[in-house]
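What the coordinates show
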Amino acid sequence: MKNVGLIGCGAIGTVLAEAIERKLVVCDELILFDFDVPKAEQLKKALNFPTTIVSSFDELLKRKPAVIVEAASQQAAKDYVPRIASAGIELIVMSTGALLDLNVDMTKVHVPSGAIGGIDAIASAALTGDIQVTLTTRKNPKALETQDKQPKIIYEGYAEEAARQFPREMNVAATLALTVKPSRVKVTVIADPNMKRNTHEIAVTWKFGEMLLRFANDPHPDNPRTSALAAWSAIKLLQTLLKQ
Ligand SMILES: NC(=O)c1ccc[n+]([C@@H]2O[C@H](COP(=O)([O-])OP(=O)(O)OC[C@H]3O[C@@H](n4cnc5c(N)ncnc54)[C@H](O)[C@@H]3O)[C@@H](O)[C@H]2O)c1
């Protein structure tokens, strides 16, 4: 029996649960944990799939899911990732910013490509140690909780600090930082009222060439900070892990 545990029944958790219901991911039962219990209840009610709600993280661990997906928050990831890693359970972490400050055995901890892609190529190039990466993110002010009426640079600096200053909006920066470390990623965040999509441009110069990647993602209707692609990247990774 293969169970999937889901921490967080918000925008990403809901897309993932619906994919399980549609059998895009093959598993027998979904176990939901959300500290906002009505969110878990609402999701269970909408699903036509064997689903159990647990009322605590300890209860989720006791059920020993084959894979747990964290789709909650950086604080949730900080609190739960070390315990899931110690329990030897496969884990997909969406709130990748939390991993910058954690020192855990990563054997079974998986970082999805999230709202971007090309991570494989960037990770390969980073092995040479001769790599410069810049990320330019443009989002509508609504997705950055600012009121700007004109395009405005609201952050310039390194990726780690971007993920700390924008824990809900800039996990992409953390994912890139984890991909190229110990090299650093320079980040610019622009609040732009003309943007309908969350746009990430990644420019890489490395020892043997250059890369230019651009992602223009529709924001999730329930949570404009989150891109649908992030949820689908978790679904893809979950498919792969459950086939093992
Ligand atoms: N890796 C990426 O590229 C990427 C992209 C988008 C979003 N994210 C991150 O993924 C996470 C989920 O995003 P979302 O859009 O689904 O968020 P959301 O706010 O829509 O949903 C999060 C859910 O988690 C629950 N939750 C929060 N803290 C919890 C805790 N400690 N224990 C249990 N439940 C908790 C909330 O009640 C909520 O229902 C966020 O941290 C977000 O920043 C990552």
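Before going into details, it helps to say that this report is about the structure given with it.

Rules of the game
- Residues numbered from 1 in each chain as written.
- Predicted model: local features only at pLDDT ≥ 70, side-chain atom pairs only at ≥ 80, totals over all residues.
- Heavy atoms only, no water.
- Pairing = 2+ DSSP bridges.
- Helix = DSSP H or I, 4+ residues; strand = E, 2+ residues; numbered from the N terminus.
- Contact = heavy atoms within 4.5 Å.
- Axes fitted to C-alpha atoms, helices over the stretch in contact; angles between N-to-C directions.
- Core = buried A, V, L, I, M, F, W, Y, C linked by side-chain atoms within 4.5 Å.
- Buried < 20%, exposed > 50% of the residue type's maximum accessible area, 1.4 Å probe, protein only.
- Domains from an automatic or database assignment.
- Near = heavy atom within 4 Å.
- Polar contact = N/O pair within 3.5 Å; in protein donor to acceptor, adjacent residues only side chain to side chain.
- Nonpolar A, V, L, I, M, F, W, Y, C, P; charged D, E, K, R; others polar.
- Parallel < 35°, antiparallel > 145°, perpendicular 65-115°, else oblique.
- Left-handed = near helix turned anticlockwise from the far one by under 90°.
- Expected span 1.5 Å × (residues − 1).
- Bend = angle between axes of the 7 residues up to and from the residue.
- Patch = residues over 30% accessible without salt bridge, like charges linked within 9 Å, V, L, I, M, F, W, Y side chains within 5 Å.
- Areas by Shrake-Rupley, 256 points an atom, 1.4 Å probe, with all protein chains shown as cover.
- Salt bridge = Lys/Arg side-chain N within 4 Å of Asp/Glu carboxyl O.
- Right-handed = clockwise from strand over helix to strand, strands pointing away.

In this section: the sheet that holds strand S1 (residues 3-7). Strand order in the open sheet made by the six strands is S3-S2-S1-S4-S5-S6, with parallel pairing throughout. Every interior strand has two partners, whereas the edge strands, strand S3 (51-53) and strand S6 (109-110), have only one. Alignment of S1 against strand S2 (residues 29-33), held across five bridges, turns out to be parallel. Residue pairing across strands places Gly 5 opposite Ile 31, the latter belonging to S2. The sheet contacts of helix H1 (residues 11-21) involve S1, S2 and strand S4 (67-70), and relative to S1 the element is tilted by about 165 degrees. The strands that helix H2 (residues 37-46) touches are S1, S2 and S3; relative to S3, the one it contacts most, it runs at about 165 degrees.

Turning our attention to the nonpolar core. In terms of nonpolar packing, the biggest core is built from 58 residues, with Ile 20, Leu 30, Ile 92, Leu 135, Val 187, Ile 202 and Leu 238 touching the most fellow members. The element that contributes the greatest number of residues to this core is helix H9 (residues 228-243), accounting for eight residues. Split by domain, the residues of this core number at least three in each of domain 1 (3-110) and domain 2 (119-223). Residue contacts for Ile 202: discarding those within four places in its chain leaves Ile 116, Ile 122, Val 133, Thr 134, Leu 135, Leu 176, Met 211, Leu 212, Leu 213 and Phe 215.

A few words on the site of the ligand. Around the ligand, the structure places 26 residues, and the nearest of them are Ile 12, Asp 34, Ser 95, Asn 171 and Thr 226. Within the contact set of the ligand, an oxygen atom lies 2.9 Å away from a backbone nitrogen or oxygen of Ala 11. Here Tyr 80 contributes a side-chain N or O atom positioned 3.1 Å from a nitrogen atom of the ligand. When residues of the shell around the ligand are traced back to their parent elements, those giving at least two are H1, helix H4 (74-86), helix H8 (171-180) and strand S13 (223-227). Taken together, the residues of the shell around the ligand break down into 14 nonpolar, eight polar and four charged. Formed jointly, the shell around the ligand draws a minimum of three residues from each of two domains, domain 1 (3-110) and domain 2 (119-223).

Running from amino to carboxyl end, H1 crosses H9 at an angle of 45 degrees, the nearest separation of the two axes being 9 Å. In terms of axis orientation, H1 runs oblique to H9. Along this stretch, H1 crosses H9, giving a crossing that reads as right-handed. Contacts from Ile 12, Val 15, Leu 16, Ala 19 and Ile 20 in H1 reach Ala 230, Ala 231, Trp 232, Ala 234, Ile 235 and Leu 238 in H9.

What follows covers the environment of Ala 87. For Ala 87, the position within the fold is in the loop between H4 and strand S5 (90-93). Look at Ala 87 and you get partly exposed, because its relative accessible area is 44%. Each C-alpha atom of the pair Ala 87 and Asp 36 lies 24 Å from the other, and the pair is 51 residues apart in sequence.

Let us now look at H4. In a regular helix each residue adds 1.5 Å, so 13 residues correspond to 18 Å; H4 covers 19 Å between its end C-alpha atoms and thus fits that length. If you look at H4, its biggest bend is around 40 degrees, right at Tyr 80, and the proline Pro 82 turns up within four residues after that. Among the residues of H4, Gln 74, Ala 76, Ala 77, Tyr 80, Val 81, Ile 84 and Ala 85 are the ones counted as buried. A positive phi of about 70 degrees marks Gly 88, the residue just after H4.

Taken together, Leu 24, Leu 229 and Trp 232 make up a surface patch of nonpolar side chains, about 240 Å² in accessible area. Take Trp 232: its relative accessible area is 37%, and that puts it in the partly exposed class.

A word on the pairing of S5. Along a regular strand, successive side chains alternate from one face of the sheet to the other. Side-chain alternation along S5 places Glu 90 and Ile 92 on one buried face and Leu 91 and Val 93 on a second face that is also buried. The pairing of S4 with S5 spans four bridges and is parallel. Bridging from a neighbouring strand, Ile 68 pairs with Leu 91 of S5. After leaving S4, the chain enters H4 and then returns to the sheet as S5, a path that is right-handed.

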